[in-house]
Amino acid sequence: MPKTPRSLHLLVVSTVFAAGALLTAAPAAAHVRVDEGHQPPKGGYGIVRLIVPNESQQAATVALTVTLPDDVDLTSARTLPIPGWSASIETEPSGDGQRVSRITWRAIEKAGGLTPSEFGEFTFSAGPWPANVDSVSLLADQAYSDGSVVSWNEIAVDKDSEPEHPAPVVTLAAAESGHTGDGHGVPGDSGVESATADPTLVAAHAPAAGSWWWRATSVGGLVIALGTAAALGVVLRRTRS
């Protein structure tokens, strides 16, 4: 029996590592998370876009509930309309006024929602965000058509670790000047937030940076695995000849 060339061993090892990278990239990207392309300013108003993949292989995602921490006093919030979904905003007393406590999206039809092969984008504009912190963790509950609920509410103890169900985190940008009215504007060409801009229109046409990263990661891993497998096939054919 002829000896197996060393190059064949190397290709086998490369294939294993490529496949492992592909399999581990998918679960990491499958968490409910915040698109980093939108960062509300500290002390101001801005847009938050949640990327919500469906992790179940049998059931559809039919609801998403986001709960704001008790120490975050958002006095105003608006949701971006999603075809086939309804949205509600709950408030509660806080000091001399009201604060946004919870935002919920629900699929209108029982047969609707996000299927196992889909992900959704849930966007809201709110503020004012805290001025003295760098980030805010949101508690998210993802409900499925089979009655199960996955809670994304765990906070990482340090930057090098990730819990099994991490809470989506809103990273806040540097404070901006020129906020007027309720502040529900978005950065314009000048880079200064506009109080008259329509956040619904801008958010609908803004690129989903987070979703593109998720797609690029999956496609990149698949290309590496397929390319390595093809090279392995060529070496095997040469070895047999």
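This write-up is about the structure you can find in this document. Only a predicted model underlies this, so the values are computations on that prediction, with no experimental measurement involved.

Reading the values: the criteria
- Residues numbered from 1 in each chain as written.
- Predicted model: local features only at pLDDT ≥ 70, side-chain atom pairs only at ≥ 80, totals over all residues.
- Heavy atoms only, no water.
- Phe/Tyr/Trp six-rings, centres within 6.5 Å; stacked < 30°, edge-to-face > 60°.
- Helix = DSSP H or I, 4+ residues; strand = E, 2+ residues; numbered from the N terminus.
- Buried < 20%, exposed > 50% of the residue type's maximum accessible area, 1.4 Å probe, protein only.
- Pairing = 2+ DSSP bridges.
- Axes fitted to C-alpha atoms, helices over the stretch in contact; angles between N-to-C directions.
- Polar contact = N/O pair within 3.5 Å; in protein donor to acceptor, adjacent residues only side chain to side chain.
- Contact = heavy atoms within 4.5 Å.

**Considerations on the packing of aromatic side chains**
Under the defined criterion, the tally for this structure stands at three aromatic pairs. Each ring, one from Trp 85 and one from Phe 122, has its centre 5.1 Å from the other, and the planes form 80°; the classification is edge-to-face. Of this pair, Trp 85 sits in strand S5 (residues 85–94) while Phe 122 sits in strand S7 (residues 119–127), placing them 37 residues apart in sequence. With respect to class, Trp 85 is no different from Phe 122; both count as buried. Between Trp 105 and Phe 124, the aromatic rings sit 6.4 Å apart at their centres with planes inclined by 45°, giving tilted as the arrangement.

**A few points about the sheet that holds strand S6 (residues 97–107)**
Strand order in this open sheet of five strands is S5-S6-S3-S9-S10, and the pairing throughout is antiparallel. Two strands close off the open sheet at either side, each with one partner strand: S5 and strand S10 (149–152). Across the sheet, the mean angle separating the axes of adjacent strands is 15° when strand polarity is ignored. Of the pairings in the sheet, the one linking strand S9 (residues 139–144) to S10 comprises four bridges and is antiparallel in character. Looking at S10, one finds that Asp 141 is bridged to Ser 151.

**Side note on the side chain of Arg 99**
With respect to the secondary-structure elements, Arg 99 resides in strand S6. A polar contact of 3.3 Å, which involves the side chain of Arg 99, links it to the side chain of Asp 73.

**Some points on the environment of Leu 68**
Mapping Leu 68 onto the fold places it in the loop between strand S3 (61–67) and strand S4 (76–79). On the basis of relative accessibility, which here comes to 3%, the residue Leu 68 falls in the buried class. Note: C-alpha distance between Leu 68 and Ile 103 (35 residues apart in sequence) is 8.4 Å. Those residues in contact with Leu 68, other than ones at most four positions away along the chain, are Leu 74, Arg 99, Val 100, Ser 101, Arg 102 and Leu 138.

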